[in-house]
Amino acid sequence: GNSVTQMEGPVTLSEEAFLTINCTYTATGYPSLFWYVQYPGEGLQLLLKATKADDKGSNKGFEATYRKETTSFHLEKGSVQVSDSAVYFCALSVYSGGYQKVTFGIGTKLQVIP
Amino acid sequence: EAGVTQFPSHSVIEKGQTVTLRCDPISGHDNLYWYRRVMGKEIKFLLHFVKESKQDESGMPNNRFLAERTGGTYSTLKVQPAELEDSGVYFCASSPRGYTQYFGPGTRLTVL
């Protein structure tokens, strides 16, 4: 079956620090990869995605590159802000039977302190 | 364009009671999904509707859970009777055919 493994956290960083959240996956077929974010009190939002090998997804200063050879999709940001404090979920989806079936990781809580 | 909405945002009930969660998808989205996140664990798939039909309900935990989608519009998820282990956040998502899923804010269910 499909699965996503990501560091559990919590991760605590000072403002302007470099962020990496690791994510690896196993999948049957050729998945699309996603990072979702959940800010406090809000729902899940799509942060970025990549649909094929070597694609780089980016948004709001965050980046992740689809690495097929290492089955990874690590999330990075060069300089985090307090407003980035949230829970980050790595996910994959496989197109099957006309729809995308999504598998999530456990979520990594990020806390950025001033 | 309105996003996916869910009601209520938070529900606290006692073990043995019944709770009904509602999801209104984005207008025009035929696909509607339910997911659940139990505290500290992954967000897990529960089921998928295409219009009013259940396409995949392989993730439903047991027969205490009943999902419906009236006329292919909004959906309800009923838990009857609720147990302690049903506590968690229930997310709904919708999508057009084959495209990225858009998630709602979730309903936090607490069973005491």
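The structure we're discussing is the one just above.
These numbers come from a predicted model, not from an experiment. Counting from 1, residues in each chain are numbered in the order their sequence is written. Written order decides the labels, with chains lettered from A and ligands numbered from 1. Reporting of local features is limited, given that this is a predicted model, to residues whose pLDDT is at least 70; pairs of side-chain atoms are given and counted only at 80 or more, and all residues count toward the totals for whole chains, interfaces and linings. The side-chain numbers reported here are obtained from all heavy atoms of the structure, hydrogens and water having been left aside.

A few words on the side chain of S75 of chain B. All names here are of chain B. Runs of H or I in DSSP of at least four residues are treated as helices and runs of E of at least two as strands, each being numbered from the N terminus. Here S75 lies in strand β8 (residues 75–79). Exposure categories follow from relative accessible area, calculated using a 1.4 Å probe and restricted to protein chains: below 20% of the type maximum is buried, above 50% is exposed, and the middle band is partly exposed. Classification of S75 as buried rests on a relative accessible area of 0%. In protein, a polar contact requires one atom able to donate a hydrogen and another able to accept it; more generally it is a pair of N or O atoms within 3.5 Å, and residues adjacent in sequence count only if both atoms are side-chain atoms. Side-chain polar atoms of S75 contact the side chain of W34, separated by 2.9 Å. Of the polar contacts made by the side chain of S75, one reaches the backbone oxygen of E68; its length is 2.8 Å. Contacts are residue-level and defined by heavy atoms, with any inter-residue pair within 4.5 Å sufficient. Contacts of S75, omitting those with residues within four sequence positions, involve L21, R22, C23, L32, W34, F49, E68 and R69.

Glancing now at the layout of surface pockets. Detection works on a 1 Å grid of protein atoms alone, calling trapped sets that fit a 1.4 Å probe cavities and calling open sets with protein on both sides within 12 Å along at least five of seven lines pockets, with lining residues defined by an atom within 4 Å of a point. Grid points are joined across faces, edges and corners, and a volume is the space filled by probe spheres set on the points. Computed from the structure, the largest pocket encloses a volume of approximately 600 Å³. As for the largest pocket, its lining consists of 28 residues, and the residues nearest its centre are Q38 and G41 of chain A together with R37, V89 and R108 of chain B. Within the residue set of the lining of the largest pocket, elements represented by two or more residues are β10 (86–96) and β12 (108–113) of chain A together with β9 (88–95) and β11 (107–111) of chain B. Residue contributions to the lining of the largest pocket peak at 4 residues, all from β11 of chain B. Three classes are used: nonpolar for Ala, Val, Leu, Ile, Met, Phe, Trp, Tyr, Cys and Pro, charged for Asp, Glu, Lys and Arg, and polar for all others, with Gly counted as polar. For the lining of the largest pocket, the residue count by class is 12 nonpolar, 12 polar and 4 charged. For the second largest pocket, the calculated volume is near 390 Å³. Listed by contribution, the elements that provide at least two residues to the lining of the second largest pocket are β1 (3–6) and β11 (99–104) of chain A together with β4 (31–37) and β5 (43–50) of chain B.

Residues and elements named next belong to chain A. We define the nonpolar core as a collection of buried residues of types Ala, Val, Leu, Ile, Met, Phe, Trp, Tyr and Cys that are connected through side-chain atoms lying within 4.5 Å of one another. Counting residues in hydrophobic clusters, the biggest one holds 27 residues, and the most contacted among them are W35, L47, L48, F73, L75 and Y88. With 5 residues, β10 is the largest single contributor of residues to this core. If we skip the residues at most four places from it in the chain, L48 touches L33, F34, W35, G57, S58, N59, F62, E63, A64, F73 and L75.

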